[in-house]
Amino acid sequence: MEQQCGLITGDMEPVPLKNISVNLCINDFVAGVSATLNYENEEEVPVEAIFVFPMDEDSAVYSFEALVDGKKIVAELQEKMQAQRNYEDALSQGHQAYLLEEDDYSRDVFSCNIGNLLPGAKVGVTLRYVQELPLDTDGALRYVLPAILNPRYQLSEQSANSSLNMKTPIVPLEALPYTLSMVATITSQHGIERVHSNCSLGPIQYLADGKTSAQVSLAEGHKFDRDVELLIYYSEVHSPSVAVEMGMQDMKPDSLMGSPSAMVSFYPDLPEVEGSRACGEFIFLMDRSGSMGSRLSHHNDSQLRIEAAKETLLLLLKSLPMGCYFNIYGFGSSYEKFFPESVKYTQETMEEAVKRVKDLKADLGGTEILTPLLNIYKGPSIPEHPLQLFVFTDGEVDDTFSVIKEVKLNSKKHRYEESFGENAILHLISLQKANGSWELDEELTEILGTSLEDIKAANPAKDQDPSVWATVLAVLWLHANGKDLKCEWELLERKAVAWLHDHADSSNPMLVQAANSFLKLSVTPDDLVF
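Here is what the cut-offs are and how they apply
- Residues numbered from 1 in each chain as written.
- Predicted model: local features only at pLDDT ≥ 70, side-chain atom pairs only at ≥ 80, totals over all residues.
- Heavy atoms only, no water.
- Helix = DSSP H or I, 4+ residues; strand = E, 2+ residues; numbered from the N terminus.
- Buried < 20%, exposed > 50% of the residue type's maximum accessible area, 1.4 Å probe, protein only.
- Contact = heavy atoms within 4.5 Å.
- Areas by Shrake-Rupley, 256 points an atom, 1.4 Å probe, with all protein chains shown as cover.
- Patch = residues over 30% accessible without salt bridge, like charges linked within 9 Å, V, L, I, M, F, W, Y side chains within 5 Å.
- Salt bridge = Lys/Arg side-chain N within 4 Å of Asp/Glu carboxyl O.
- Lys, Arg positive; Asp, Glu negative; His and termini not counted.
- Charge placed at Lys NZ, Arg CZ, Asp CG, Glu CD.
- Pairing = 2+ DSSP bridges.
- Phe/Tyr/Trp six-rings, centres within 6.5 Å; stacked < 30°, edge-to-face > 60°.
- Lys NZ or Arg CZ within 6 Å of the ring centre and 35° of its normal.
- Polar contact = N/O pair within 3.5 Å; in protein donor to acceptor, adjacent residues only side chain to side chain.
- Expected span 1.5 Å × (residues − 1).
- Arc of directions from axis to C-beta.

A.B. asks: Help me understand the overall build of the protein in this model?
C.D. replies: Broken down by element type, the protein carries 13 helices and 25 strands. The buried share of the protein, taken over its 530 residues, is 44%. Expressed as a percentage of contacts within the protein between residues at least 6 apart in sequence, the contacts between residues at least 24 apart total 70%. As displayed, the protein offers around 27,800 Å² of accessible surface, 51% of which is attributable to carbon and sulfur atoms.

A.B. asks: How do you make sense of a negative patch on the surface when you look at a structure like this?
C.D. replies: A contiguous patch of negative charge, built from E442, E443, E446, E453 and D454, is present on the exposed surface. Mapped by element, the contributors of at least two residues to the negative patch are α9 (442-448) and α10 (452-458). With three residues, the single largest contributor to the negative patch is α9. Along the chain, E443 turns up in helix α9. Relative accessible area serves as the criterion here: at 39%, E443 is assigned to the partly exposed category.

A.B. asks: What am I meant to see in the pattern of salt bridges here?
C.D. replies: One side chain can pair with another of opposite charge once the charged atoms of both are near each other. If you walk through the whole model with that rule in mind, you get nine salt bridges. Among the salt bridges present, the one from E307 reaches K310, with a minimum N-O distance of 3.2 Å. Here E307 and its partner K310 are both found in helix α4 (residues 305-319), three residues apart, which amounts to about one turn of the helix. Exposure remark for K310: the relative accessible area of 6% places this residue in the buried category. Of the charged contacts, one joins K433 and E439 as a salt bridge, the two residues approaching to 3.4 Å between their closest N and O atoms. Overlapping salt bridges, with partners in common, bring together E65, K72 and R128 in one network.

A.B. asks: Help me understand the sheet that holds strand β9 (residues 122-132) in this model?
C.D. replies: In a beta sheet, neighbouring strands pair by backbone hydrogen bonds and run either parallel or antiparallel. What the eight strands build is an open sheet, ordered β6-β5-β9-β3-β2-β13-β16-β15; its pairing is mixed. Because the sheet does not close on itself, it has two edges, and the strands there are β6 (71-74) and β15 (205-206). Relative to strand β16 (residues 213-217), strand β13 (residues 180-187) runs antiparallel, the two sharing five bridges. By the bridge assignment for β16, V183 is matched with S217.

A.B. asks: Hey, could you run me through the side chain of N516 in this one?
C.D. replies: With respect to the secondary-structure elements, N516 resides in helix α13 (residues 508-519). The contact partners of N516, leaving out residues within four places of it in the chain, are L476, L521, S522 and V523.

A.B. asks: How do you make sense of unusual backbone geometry when you look at a structure like this?
C.D. replies: In the Ramachandran plot, D28 falls in the positive-phi region, its phi being about 55° despite a non-glycine side chain. Note on placement: D28 falls in the loop between β2 (17-27) and β3 (30-40). One non-glycine residue, K211, lies in the positive phi region at around 55°. Secondary-structure assignment places K211 in the loop between β15 and β16. For K211, a relative accessible area of 42% puts it in the partly exposed group.

A.B. asks: Got a minute to help me understand the packing of aromatic side chains in this structure?
C.D. replies: Applying the stated criterion across every chain, the model contains nine aromatic pairs. Lying over the aromatic face of Y233, R194 brings its terminal NZ or CZ to 3.8 Å of the ring centre.

A.B. asks: What exactly am I supposed to notice about the environment of Y377 here?
C.D. replies: Along the chain, Y377 falls in helix α6 (residues 370-378). Residue class for Y377 comes out buried when judged on its relative accessible area of 9%. With 30 residues separating them along the chain, Y377 and V407 place their C-alpha atoms 9.3 Å apart.

A.B. asks: So what exactly am I meant to see when it comes to the environment of G202 here?
C.D. replies: Structurally, G202 can be placed in the loop between β14 (192-197) and β15. With relative accessibility at 26%, the residue G202 sits in the partly exposed group. For the pair formed by G202 and L218, sequence separation is 16 residues and the distance between their alpha carbons is 6.0 Å. Ignoring anything within four residues of it in the chain, the contact list for G202 reads V216, S217, L218 and A219.

A.B. asks: For this particular structure, what's the right way to read the pairing of β16?
C.D. replies: The two faces of a sheet get side chains in turn, since along a regular strand they alternate between them. Pairing of β15 with β16, which is carried by two bridges, proceeds in the antiparallel orientation. By the bridge assignment, Y206 is partnered in β16 with A214.

A.B. asks: I keep staring at the side chain of K495 and nothing clicks. Help me out?
C.D. replies: Along the polypeptide, K495 turns up in helix α12 (residues 486-504). At a separation of 3.1 Å, a polar atom in the side chain of K495 contacts the side chain of Y345. At a separation of 2.9 Å, a polar atom in the side chain of K495 contacts the main-chain carbonyl oxygen of A434. The contacts of K495, once residues within four sequence positions are left out, are L317, K318, S319, L320, P321, Y345, K433, A434, N435 and G436.

A.B. asks: Help me understand the environment of L431, please; the structure alone is not making it clear to me.
C.D. replies: Structurally, L431 can be placed in the loop between α8 (426-430) and α9. Beyond its immediate stretch of four places on either side in the chain, L431 contacts K318, S437, W438, E443, L444 and I447.

A.B. asks: What am I meant to see in helix α5 (residues 347-358) here?
C.D. replies: Quick reminder: α-helices carry 3.6 residues per turn. Residues three or four places apart thus point the same way. Look at α5: 17 Å from first C-alpha to last across twelve residues, which is about the 16 Å you get at 1.5 Å a residue. Within the span of α5, buried status applies to Q347, T349, M350, A353, V354 and V357. Looking straight down α5, one finds that the buried residues subtend no more than 165° of arc, so they occupy a single side. More than 90 degrees from the buried face of α5, the exposed residues found are E348 and K355. At its buried positions, α5 is contacted by α4, β21 (325-331) and β23 (343-344).

Given below as structure tokens:
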């Protein structure tokens, strides 16, 4: 199925386009667009015409006008059903009538029933809308005028359902009897450094001192054979700015359009996330003294202290960022460490550490933590990886005064935390990979209480890595079943979400919705910090 755009008849045939002119006003990060398209009915009989206009979902139409054989008609905002009745009444009486509405099946397409066009009738359609412009990674502000307004192009089925980027040529370029004219006026307190385009432009003209206002036009004779893209580079794009626009004089002073409006633009220069992910040396000190073999309470069925501490340690191991360094000490009357020195956190080193943690026992006698602390403090630091210490103990430490003194002396070298965990959502945590993801396998399905076949069938993105779907399911399960223990798995979730950002950023909301439906939950993407 292919979708025509522009002015088309009820039989989906294009009404001949004579010319297109676009006036574009960009103020900081918002564009005001006025597009005028002129058509002529070359048929020998009247036709009912429909104007179809593709739009970005961040756009909003605020004005629509049609000029038919010199008669100007301006659209009026009405309740949807009332507008439909008024339109049908006008058509039944042989009058021209116009109905502009959002397409029921696609939020990025607007359609307008122009009504009856007599043979030879000339139609000028002017649509005005505002649009928030996206920023590219290099700081460029991007505006796109889609080529599908050109009758030489039409949307394919895929693009009609998803984006406006796929076009299919239907007539030769040299056969087009018209051209496109476009003038862009750019205003910004940031200062306009340069303007680039994928089409030929005339020279940029600066209209104010400090390069705060400029105008640029498409070169003459442009055939509109592709999307017209403008890339605007501001000199100080990260500086906050305020733009004030006075209300319209013919509107009531206290109305929306009659009152002044202010727009604040703030585009902060945030540091790259990757740098913070791979930063830190994490050392865990596990109390393996005899007292850790006692139970958490006097109840015979309560958990052993060493087992609770091991579960918390496993949770933290799973939460570490890729590229950091870590090591694990066990202390009592003597001490042992997993590695001679801190090692880089990888899938292999994590798996080795997890295996050894599961075998830890409360078998090292007393509670002498000072000696391993001194060993850690005397060791060489790893550049750009600040030291963080985590101690798991029941608190019955020997020579407490000396331990506190040593920690204070080295307080500027590290972050020190003492932890003693409770029983945690452990089976699921143990399945998490070092990079933050989960694999789609039988062990995960057992925790989720379903079958592998059902999970695969419910996956809305079967062309993606199955680990993406598995990770979304695991994170939502944590939110639904471990709210009281969120402080324990929050770091673990953060790593999982960061992995999802890298592997399925644009489809995350769709995956969350599908996972909620499958697991019968109500977790929102905002809860997951997407």
